[in-house]
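The primary structure of each chain is shown beneath.
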Amino acid sequence: MEIHVDKDACVGCGLCVKDCPMHVYELQNNVSVAVRPNNCMGCLSCHEICPAQALEHRGVYPARRHYIDIKVCEMLRKVI
Amino acid sequence: MSAGYIDELHEAFHSDLAYRSEDIPLECSPKPKEMEQTLHGVMKLNGLIIRSLEEIAGRGANAVTYRAGKKFGHEVAKYFQKREDVEGALHELSDLLRGQYSFEVWKPEDKETFIIEENGETFIYLVFHDCIVRQTLRRNGLEQGGPLCQTLFGYVVGAIEEITGRKAKLEIVHTGPNACLKKLILK
Ligand code: SF4
Ligand code: SF4
């Protein structure tokens, strides 16, 4: 798994450090650094919690998404 | 556990996709037509939950849903080949769960083997990727790890017990939007 933290976007809140069950991140000079990327199991909790949307995972398996509301998405597509 | 089987699993759950926080899913994946099998699984499971609720009403939601899942696991797995090895049982289990759940065996980098012995316990980490329970909870805005997750616990435990004849237990280590980590404890 390759994990990229956008250093310019990261605000150093440390939420990903606290939330990751595998202790993948560490704060270094107020920026999150993925120090143990091989311990990542792809839950993407860190994506959900990061307020700066600073994270990118390469090599993750995207789980099936059955919960998407097709009608809402059709409407969204018209406006996006 | 043979390296071939593990590699095969890891290959199935690896992609070259770059996943960014701002990626908003705009369509169901896979297409709804391909979900029929999954929906049947949900309907059957719900039926068993209700039946079990009637049987043991008043004993707490978790106990009820766990029991329903376990019944489902035993019922479905009884048609599968019985085997004693855990690797074979997990293989059978992934066939059994196909269309509803998918998982891979996993280990932290400091562990040498997938079967881990720690504090007198023997266990295997399983990462659940596709999961109808997680989908249902997220569709309804409900928290993960509650009674509905117990159905999956029961299901896996029931199926492993049926296939191997050994007692087992499943524990949540972490729940996430894309995958959940569970511990399969072997007794
Ligand atoms: S995806 Fe999960 S395991 Fe991986 S770094 Fe994020 S929180 Fe940690
Ligand atoms: S949660 Fe996001 S902003 Fe906060 S430290 Fe982690 S990467 Fe940086």
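What you see is a predicted model, and the numbers here were worked out from it, not measured in a lab.

(A) Geometry of the overall build of chain B. On a plain count of helices and strands, chain B comes out with six helices and six strands. Element order for chain B, N to C, with α for helix and β for strand: α-β-α-α-α-β-β-β-α-α-β-β. Residue burial in chain B is summarised as follows: out of 187 residues, 48% are buried. At a minimum sequence separation of 6, the contacts of chain B that also span at least 24 residues come to 63%. Of the accessible surface of chain B, which amounts to about 9,400 Å², a share of 50% is contributed by carbon and sulfur atoms.

(B) Focus on the site of ligand 1. Taken together, Cys20, Pro21, Val24, Tyr25, Cys40, Met41, Gly42, Cys43, Leu44, Cys46 and His57 of chain A form the complete shell of residues around ligand 1. Residue composition of the shell around ligand 1, grouped by class: nine nonpolar, two polar and no charged.

(C) Summary view of the environment of Cys46 of chain A. Residue and element names in this part refer to chain A. Mapped onto the fold, Cys46 is located in helix H2 (residues 45–49). C-alpha of Cys46 to C-alpha of His4: the two residues are 42 residues apart in sequence and 12 Å apart in space. Look past the residues within four positions of Cys46 in its chain and what remains in contact with it is Cys16, Asp19, Tyr25, Leu55 and His57.

(D) Geometry of helix H4 (residues 86–97) of chain B. All names here are of chain B. Compared with the 16 Å implied by 1.5 Å per residue over 12 residues, the 16 Å span of H4 between its first and last C-alpha is a close match. Along H4, the residues that are buried comprise Val86, Gly88, Ala89, Leu90, Glu92, Leu93, Ser94, Leu96 and Leu97. Buried positions along H4 lie against helix H1 (3–12), helix H3 (61–77), strand E2 (101–106), strand E4 (121–131), helix H6 (147–164) and strand E6 (180–186). Following H4 by one or two positions, Gly99 adopts a phi angle in the positive range, close to 90°.

(E) The sheet that holds strand E1 (residues 2–5) of chain A, seen in detail. If you trace the three strands from one edge of the open sheet to the other, you get E1(A)-E4(A)-E1(B), paired in antiparallel fashion. Edge positions in the open sheet fall to E1 of chain A together with strand E1 (18–20) of chain B, since each of these has one partner strand only. Put simply, the sheet's adjacent strands are angled 20° from each other on average, direction ignored. Both strand E4 (residues 55–58) of chain A and E1 of chain B contribute to a ladder of three bridges, which runs antiparallel. Across the sheet, residue Glu56 of chain A finds its bridge partner in E1 of chain B, namely Arg20 of chain B.

(F) Looking closely at the interface of chain B and chain A. Taken residue by residue, the interface counts 40 residues in chain B and 35 residues in chain A. Interface area, chain B with chain A, both sides summed: about 3,800 Å², of which 55% is carbon and sulfur. The tally of links between chain B and chain A comes to one salt bridge. Between Asp130 of chain B and Arg64 of chain A there is a salt bridge whose closest N-O contact spans 3.9 Å.

(G) Representation of the packing of aromatic side chains in the model. Residue and element names in this part refer to chain B. In total, this model carries six aromatic pairs over all chains according to the counting rule given. Pairing Phe72 with Tyr155 gives two aromatic rings, centres 4.8 Å apart and planes at 70°, and the pair type is edge-to-face. Linking Phe72 in helix H3 with Tyr155 in helix H6, this pair joins segments that are 83 residues apart in sequence. A relative accessible area of 3% means that Phe72 is categorised as buried. Both rings, one in Phe103 and one in Phe128, keep their centres 5.4 Å apart while their planes meet at 35°; by these two values the pair is tilted. Of this pair, Phe103 sits in strand E2 while Phe128 sits in strand E4, and the two are 25 residues apart along the sequence.

(H) Structural view of the site of ligand 2. Contacts to ligand 2 come from Cys10, Val11, Gly12, Cys13, Gly14, Leu15, Cys16, Ser32, Cys50, Pro51, Ala52 and Leu55 of chain A. By residue class, the composition of the shell around ligand 2 is nine nonpolar, three polar and no charged.

(I) View of the pattern of salt bridges. Residues and elements named next belong to chain A. Under the criterion given, the structure shown has seven salt bridges over all chains. As a salt-bridge pair, Glu56 and Arg58 come within 3.4 Å of each other at their nearest N and O atoms. What makes Glu56 buried here is its relative accessible area of 16%.

(J) Spatial organisation of the side chain of Glu104 of chain B. All names here are of chain B. Summarising the element assignment, Glu104 is placed in strand E2. Arg134 is the oppositely charged side chain nearest to the buried, salt-bridge-free Glu104, at an N-O distance of 11 Å. Of the polar contacts made by the side chain of Glu104, one reaches the side chain of His10; its length is 3.5 Å. Setting aside chain neighbours within four positions, we find Glu104 in contact with Leu9, His10, Phe13, Tyr125, Leu126, Val127 and His129.

(K) Seen up close, unusual backbone geometry. Residue and element names in this part refer to chain A. Residue Asn30 is not a glycine yet carries a positive backbone phi of 65°. Among the structural elements, Asn30 can be located in the loop between strand E2 (25–28) and strand E3 (31–34). Although it is not a glycine, Leu44 sits at a positive phi angle of roughly 65°. Mapped onto the elements, Leu44 comes out in the loop between E3 and H2.

Each value, and the rule that gives it
- Residues numbered from 1 in each chain as written.
- Chains lettered and ligands numbered in written order.
- Predicted model: local features only at pLDDT ≥ 70, side-chain atom pairs only at ≥ 80, totals over all residues.
- Heavy atoms only, no water.
- Helix = DSSP H or I, 4+ residues; strand = E, 2+ residues; numbered from the N terminus.
- Buried < 20%, exposed > 50% of the residue type's maximum accessible area, 1.4 Å probe, protein only.
- Contact = heavy atoms within 4.5 Å.
- Areas by Shrake-Rupley, 256 points an atom, 1.4 Å probe, with all protein chains shown as cover.
- Near = heavy atom within 4 Å.
- Nonpolar A, V, L, I, M, F, W, Y, C, P; charged D, E, K, R; others polar.
- Expected span 1.5 Å × (residues − 1).
- Pairing = 2+ DSSP bridges.
- Axes fitted to C-alpha atoms, helices over the stretch in contact; angles between N-to-C directions.
- Buried area = accessible area lost by both parts, 1.4 Å probe.
- Salt bridge = Lys/Arg side-chain N within 4 Å of Asp/Glu carboxyl O.
- Phe/Tyr/Trp six-rings, centres within 6.5 Å; stacked < 30°, edge-to-face > 60°.
- Lys, Arg positive; Asp, Glu negative; His and termini not counted.
- Polar contact = N/O pair within 3.5 Å; in protein donor to acceptor, adjacent residues only side chain to side chain.

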